[in-house]
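Now for the letters of each chain:
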Amino acid sequence: MDMAEIQVIKQHLIDPEICIRCNTCEATCPVGAITHDSRNYVVDADKCNLCMACIAPCPTGSIDNWRDMPKLRAYSIEEQLTWDTLPEALSPEQLADLAPGADLQTAAPELPAASPLSGTAEEAFNSARYGATVPPWSAAHAYTNLYGAKSAQKTITATVTGNVRVTEVGREYDTHHIVLDFGTTPFPVLEGQSIGIVPPGTDAGGRPHHARQYSIASARNGERPGYNNLSLTIKRVLQDHDGNPVRGVGSNYMCDLKVGDKVEVIGPFGASFLMPNHPRSNIVMICTGTGSAPMRAMTEWRRRLRKAGKFDGGKLMLFFGARSKEELPYFGPLQNLPKDFIDINLAFSRTPGQPKRYVQDLMRERAADLAALLASPDTYFYVCGLKSMEEGVVLALREVAQQAGLHWEALAEGLKRDGRLHLETY
Ligand SMILES: Cc1cc2nc3c(=O)[nH]c(=O)nc-3n(C[C@H](O)[C@H](O)[C@H](O)COP(=O)(O)OP(=O)(O)OC[C@H]3O[C@@H](n4cnc5c(N)ncnc54)[C@H](O)[C@@H]3O)c2cc1C
Ligand code: SF4
Ligand code: SF4
């Protein structure tokens, strides 16, 4: 028998029951092994080199599934896309039948020697590989997966206690600030974490809707200090990414909620996009649209610390982009923050009669300040918003570093290793 016929591999699979379709793994995979359709996220066995880069960032753990499979019988992408549950692992007997004579020891995944940042200059620029998967050393402990498939508690029920618009009235940009209260059930969260909302009902295939993930927009001690509540910033999706009309299931459900309605929640998720807590740590926040949610949370926590006389300095710098000021969530309240507390830079790409400006343009204008912050080990960078912004922002950081004479690849290794550059785009 030919060796290829009996070779057994560790096949990397995603559990469709737990996966919340957040796209983090696909964005992280350096070799493009992960793909998805409207139903499932799947891993291509021919491309996956078991580098493990996707394991830590996955908020639910659904990506950490492995099956010993004869190489020639590996589950195809097409097959995985039809799954509602993971297949059972093959027993040693079944495996021996399918691949007689195979050495099962060789199936263990081998970790690569290369760092996820290594690569040749000719490779296409992949911004996702610069994102940290560890939190800042001084971040508070984040509780994750208290509710959801990985927990004994499937969901927690929250009550809507607020739902207001935070953009001006416009057809294309209806964004809501929604407050959820958890009553007497503990639901500890930190700024930068997210939760999953389970929309009621079923999808076109009759399956329960998968959860939609939303970043927490409030500080750790509640949207209202001392209350067991949190806020979200949700944009009503009325167009898909190609501009075709669509009615997004989760976002429309949430934006239409009334005060008093009940919502099923899972999470919290996220253990790395967390803010530093040590004295004089600087935070640089770069966001577009609803990517402002975690930035609002971090800013509010620092504002509360300052009000209580517990703020030990440290810069807060914000780069915030939207098409126009009418579309920018929380535009009014942002203007009221003291100038000596936060350095705000706004970019609008569609203001009539004005040249288009993106967050990257503002970052280049503030290159001198950003270079000093990049060089300081006490500065942490957070990028959140639409997927399309990520590459431009990381390229702008690279440009700023290189112009200042900093060695970008060495700096980037440090940013990643020390949890100093966090990317969350969707
Ligand atoms: C880590 C993380 C944090 C997130 N935080 C937030 C947040 O704070 N606020 C927020 O509003 N959203 C956030 N999202 C996006 C959110 O989870 C949903 O994807 C979004 O609300 C669309 O869900 P839907 O059910 O309305 O649309 P679906 O019914 O899932 O999709 C309908 C169609 O719209 C397309 N589509 C999906 N999202 C968008 C979009 N944003 N713009 C244009 N087309 C889209 C889909 O490809 C699909 O074709 C976050 C996502 C992730 C992964
Ligand atoms: S293990 Fe590495 S190669 Fe495989 S899917 Fe995850 S990130 Fe991609
Ligand atoms: S939940 Fe995990 S496996 Fe599912 S899309 Fe997100 S990162 Fe990937």
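Since this is a predicted model, take the numbers as computed values, not measurements. (Residues numbered from 1 in each chain as written. Chains lettered and ligands numbered in written order. Predicted model: local features only at pLDDT ≥ 70, side-chain atom pairs only at ≥ 80, totals over all residues. Heavy atoms only, no water.)

## Topic: the domain arrangement of the chain
Then, in step 1: You can read the domains of the chain as domain 1 (8-98), domain 2 (127-140 + 272-425) and domain 3 (156-269).
Then, in step 2: Here domain 2 and domain 3 have C-alpha centroids that lie 24 Å from each other.
Then, in step 3: Residue-level contacts link 21 residues of domain 2 with 26 residues of domain 3.
Then, in step 4: A buried area of about 2,000 Å², summed over both sides, lies between domain 2 and domain 3, and 55% of it is on carbon and sulfur atoms.
Then, in step 5: Ranking the residues of domain 2 by area buried against domain 3 places R304, E326 and Y330 at the top, with a combined share of 27%.
Then, in step 6: In this structure, the connection of domain 2 to domain 3 is made through one salt bridge.
Then, in step 7: Residue R296 is joined to E223 by a salt bridge in which the shortest nitrogen-to-oxygen separation is 3.1 Å.
Then, in step 8: Counting across the interface, domain 2 meets domain 3 through eleven residue pairs in polar contact (both at pLDDT 80 or more).
Then, in step 9: At eight residues, helix α6 (residues 292-307) tops the list of elements feeding residues into the side of domain 2 that touches domain 3.
Then, in step 10: Each residue belonging to the side of domain 2 that touches domain 3 can be placed in one class, and the counts come to twelve nonpolar, two polar and seven charged. (Domains from an automatic or database assignment. Contact = heavy atoms within 4.5 Å. Buried area = accessible area lost by both parts, 1.4 Å probe. Salt bridge = Lys/Arg side-chain N within 4 Å of Asp/Glu carboxyl O. Polar contact = N/O pair within 3.5 Å; in protein donor to acceptor, adjacent residues only side chain to side chain. Helix = DSSP H or I, 4+ residues; strand = E, 2+ residues; numbered from the N terminus. Nonpolar A, V, L, I, M, F, W, Y, C, P; charged D, E, K, R; others polar.)

## Digging into the sheet that holds strand β15 (residues 421-425)
Then, in step 1: Here five strands make up an open sheet; going across it, the order is β13-β12-β11-β14-β15 and the pairing parallel. Strands at the two margins of the open sheet, each flanked by one partner only, are β13 (343-348) and β15. The sheet shows a mean angle of 10° between the axes of neighbouring strands, direction not considered.
Then, in step 2: Two strands pair when backbone bridges link them, and strand β12 (residues 316-322) and β13 are joined in this way by six bridges, in the parallel orientation. Its bridge partner being in β13, L318 is matched across the sheet by I344.
Then, in step 3: In the packing of α6 onto the sheet, contacts are made with β11 (282-288), β12 and β14 (379-385), and the angle to β11 comes to roughly 150°. (Pairing = 2+ DSSP bridges. Axes fitted to C-alpha atoms, helices over the stretch in contact; angles between N-to-C directions.)

## Here we look at the packing of aromatic side chains
Then, in step 1: Inspection of every chain in the model, using the stated rule, returns seven aromatic pairs.
Then, in step 2: Taken together, a centroid distance of 5.9 Å and an interplanar angle of 40° make the contact between Y147 and F187 tilted. Highlighted residues: Y147 in the loop between α4 (92-98) and β5 (156-165) and F187 in the loop between β6 (175-181) and β7 (194-198), separated in sequence by 40 residues. Both residues of the pair, Y147 and F187, belong to the buried class.
Then, in step 3: Arranged with centres 4.3 Å apart and planes meeting at 25°, the rings of F182 and F187 form a pair that is stacked.
Then, in step 4: Taking relative accessible area as the criterion, F182 reaches 3% and is therefore assigned buried.
Then, in step 5: Assessed through its relative accessible area of 5%, F187 is described here as buried.
Then, in step 6: Taken together, the aromatic side chains of Y147, F182 and F187 make up a single cluster linked through ring pairs.
Then, in step 7: Geometry around Y330 places R296 over its ring, the cationic atom sitting 4.9 Å from the centre. (Phe/Tyr/Trp six-rings, centres within 6.5 Å; stacked < 30°, edge-to-face > 60°. Buried < 20%, exposed > 50% of the residue type's maximum accessible area, 1.4 Å probe, protein only. Lys NZ or Arg CZ within 6 Å of the ring centre and 35° of its normal.)

## So, the pattern of salt bridges
Then, in step 1: Going through the model one piece at a time under the given rule, you end up with 21 salt bridges.
Then, in step 2: A salt bridge links R357 to E365; the shortest N-O distance between them is 2.7 Å.
Then, in step 3: By relative accessible area, R357 is classed as partly exposed at 30%.
Then, in step 4: A relative accessible area of 52% means that E365 is categorised as exposed.
Then, in step 5: In this structure, the salt-bridge partner of D369 is R366, at a minimum N-O distance of 3.2 Å.

## So, the site of ligand 1
Then, in step 1: Every one of the 20 residues lining ligand 1 counts as a neighbour, but R212, Q213, T233, G250 and S251 are closest to it.
Then, in step 2: At 2.6 Å from an oxygen atom of ligand 1 is found a main-chain nitrogen or oxygen belonging to Q213.
Then, in step 3: One of the backbone nitrogen or oxygen atoms of T233 is found 2.7 Å away from a nitrogen atom of ligand 1.
Then, in step 4: Relative to its unbound accessible area of 920 Å², ligand 1 is 79% covered by the protein chains.
Then, in step 5: For the shell around ligand 1, the secondary-structure elements that each account for two or more residues are β8 (212-215), β9 (229-235) and α5 (249-255). (Near = heavy atom within 4 Å. Areas by Shrake-Rupley, 256 points an atom, 1.4 Å probe, with all protein chains shown as cover.)

## As for helix α11 (residues 408-417)
Then, in step 1: Those residues of α11 not exposed but buried are W408, L411, A412, G414, L415 and K416.
Then, in step 2: Those residues of α11 that are buried lie in contact with α9 (367-375), β14, α10 (387-403) and β15.
Then, in step 3: Positive backbone phi, at 60°, marks G419, one or two positions downstream of α11.

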